[in-house]
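Summary of the model geometry
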Amino acid sequence: MRFDLVDLNLFRHVVEAGSITHGAERANLALAAASARVRAMEDSLGAALLLRGRQGVTPTPAGRALLAHAREILGQIERLQGDLSVFAGGAVGQIRVLSNTNALTEFLPEALSAYLALHTGVSVDIEERTSDEIVGMVADGAADLGIVAGTVDTGTLQTFPFRHDRFVVVVATGHALARRKSVGFAEVLEHDLVGLDRPSALTRFLAGKASRIGRPMRLRVQLRSFDAVCRLVECGVGLGIVPETTARRAWRTMGIALVPLEDPWAARDLKLCLRDLAGLPPFAQDFVMHLRAAEA
């Protein structure tokens, strides 16, 4: 049984993407080459590593065991590269970050640009997920760092405060809700909505909240940015639910009003979560400390 680092990296990407096609893209391999490598790994082991279906692939028990070892080995290699890169004149490596929609759109860009300007040899791979997904993936070693809502249970992960924000409802200035001091999510669901596209973490989060109270989300338009949502709200297409920081920025130039959501989950005390700060490569530890310093 012989697996090289390319095999292990590919297998990690395939499982995390849930698809050989997307895993190959993440690993910068042609689909045919990736498929051949996975088959060769299974032939070498003498057991199936993936269950293949119409919805993608999932690891078998043997695949889950291999994934755990692959993450550990690749993590050790990344830490080795980080430790030794210092002697070559600067840190070199990659940081894998998972973030919810709020942090990704509102707070990460500025903090990330400042960090990357100081660490030219470091790249950061960011993927948007819901907070619950992030906790599980960080715990499993699929990412170095996660940024989640403060209300989510992070289990045994280390956590540090990051930012504070809250969700508000944005409405056109002439809307019946524009003068309300607050509104509940259940009442918001009585209106047409403008939101982010369906794969976004926030849309899936809100859909889950709506499902729990037995109400559908009447999404008339799905867009790719909060600013675009506010623009369509201004035009009277529907209501939007966005971070307060976004809404206040848009309010300066658009004809919209902000109405606080009454629901407890609307408060967004964001936090960083990771398995072990001391176990990260030095440049990744620097990144965590940079985010914490920016919060202070």
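These numbers come from a predicted model, not from an experiment. (Residues numbered from 1 in each chain as written. Predicted model: local features only at pLDDT ≥ 70, side-chain atom pairs only at ≥ 80, totals over all residues. Heavy atoms only, no water.)

So, on to helix 10 (residues 226-234). Taken as a whole, helix 10 has its buried residues at Phe226, Val229, Cys230 and Val233. Seen from one end, helix 10 has its buried residues packed into an arc of 95°, which puts them on one side. Of the residues flanking the end of helix 10, it is Gly236, one or two places downstream, whose phi is positive at about 85°. (Buried < 20%, exposed > 50% of the residue type's maximum accessible area, 1.4 Å probe, protein only. Helix = DSSP H or I, 4+ residues; strand = E, 2+ residues; numbered from the N terminus. Arc of directions from axis to C-beta.)

Another aspect to go through is the nonpolar core. Counting residues in each nonpolar core, the largest one holds 36 residues, and the members touching the most others are Val169 and Leu261. Of all the elements, strand 6 (residues 158-172) adds the most residues to this core, at five residues. By size, the runner-up hydrophobic cluster in this structure holds 24 residues, among which are Ile95, Ala111, Val124 and Leu270. (Core = buried A, V, L, I, M, F, W, Y, C linked by side-chain atoms within 4.5 Å.)

With that out of the way, let us pick up the packing of aromatic side chains. Across all of its chains, the model carries four aromatic pairs by this definition. Measuring from ring centre to ring centre gives 4.8 Å for Tyr115 and Phe287, while their planes differ by 65°; the resulting arrangement is edge-to-face. One end of the pair, Tyr115, is in helix 6 (residues 108-118); the other, Phe287, is in helix 12 (residues 282-295), with 172 residues separating them in the sequence. Note on Tyr115: relative accessible area 1%, which makes it buried. Aromatic pair Phe185 and Trp265: ring centres 5.2 Å apart, planes at 85°, arrangement edge-to-face. Residue Phe185 is found in helix 8 (residues 185-188), and its partner Trp265 is found in the loop between strand 10 (256-260) and strand 11 (267-274); the two are separated by 80 residues along the sequence. Side by side, Phe185 and Trp265 carry an identical accessibility label, which is buried. (Phe/Tyr/Trp six-rings, centres within 6.5 Å; stacked < 30°, edge-to-face > 60°.)

A few words now on the pairing of strand 6. Across eight bridges, strand 6 lies against strand 11 in antiparallel orientation. The partner of Phe160 across the bridge, within strand 11, is Leu272. Bridge count for strand 6 against strand 9 (residues 240-243) is four bridges, and the pairing is antiparallel. Opposite Val168, over in strand 9, you have Val242 as the bridge partner. In this sheet, strand 10 lies alongside strand 6 in antiparallel orientation, the contact comprising five bridges. (Pairing = 2+ DSSP bridges.)

A few words on the UniProt feature "domain: HTH lysR-type" (unreviewed entry) in the protein. UniProt marks residues 1-60 with the feature "domain: HTH lysR-type" (unreviewed entry), using the numbering shown here. When the span residues 1-60 is considered, its composition is 58% helix and 13% strand, and the gap between its end C-alpha atoms is 18 Å. (UniProt positions renumbered as here; feature names shortened; annotations may be inferred.)

As a further point, take empty space enclosed by the protein. Under the definition given, this model contains two cavities of 30 Å³ or more. Considered as a void within the structure, the largest cavity measures approximately 100 Å³ in volume. Where the lining of the largest cavity is concerned, the elements lending two or more residues are strand 7 (193-196), helix 9 (201-212), helix 10 and strand 9. In terms of residue count, the dominant contributor to the lining of the largest cavity is strand 7 (four residues). For the lining of the largest cavity, the residue count by class is ten nonpolar, three polar and no charged. The calculated volume of the second largest cavity comes to roughly 80 Å³. Every residue lining the second largest cavity is listed: Asn100, Thr101, Asn102, Arg129, Thr130, Ser131, Phe167, Ala201, Leu202, Phe205 and Arg268. Sorting the residues of the lining of the second largest cavity by element identifies helix 5 (101-106) and helix 9 as the ones contributing at least two each. (1 Å grid on protein atoms, 1.4 Å probe; cavity = no way out; pocket = protein on both sides within 12 Å on 5 of 7 lines; lining within 4 Å. Points joined across faces, edges and corners; volume = space filled by probe spheres on them. Nonpolar A, V, L, I, M, F, W, Y, C, P; charged D, E, K, R; others polar.)

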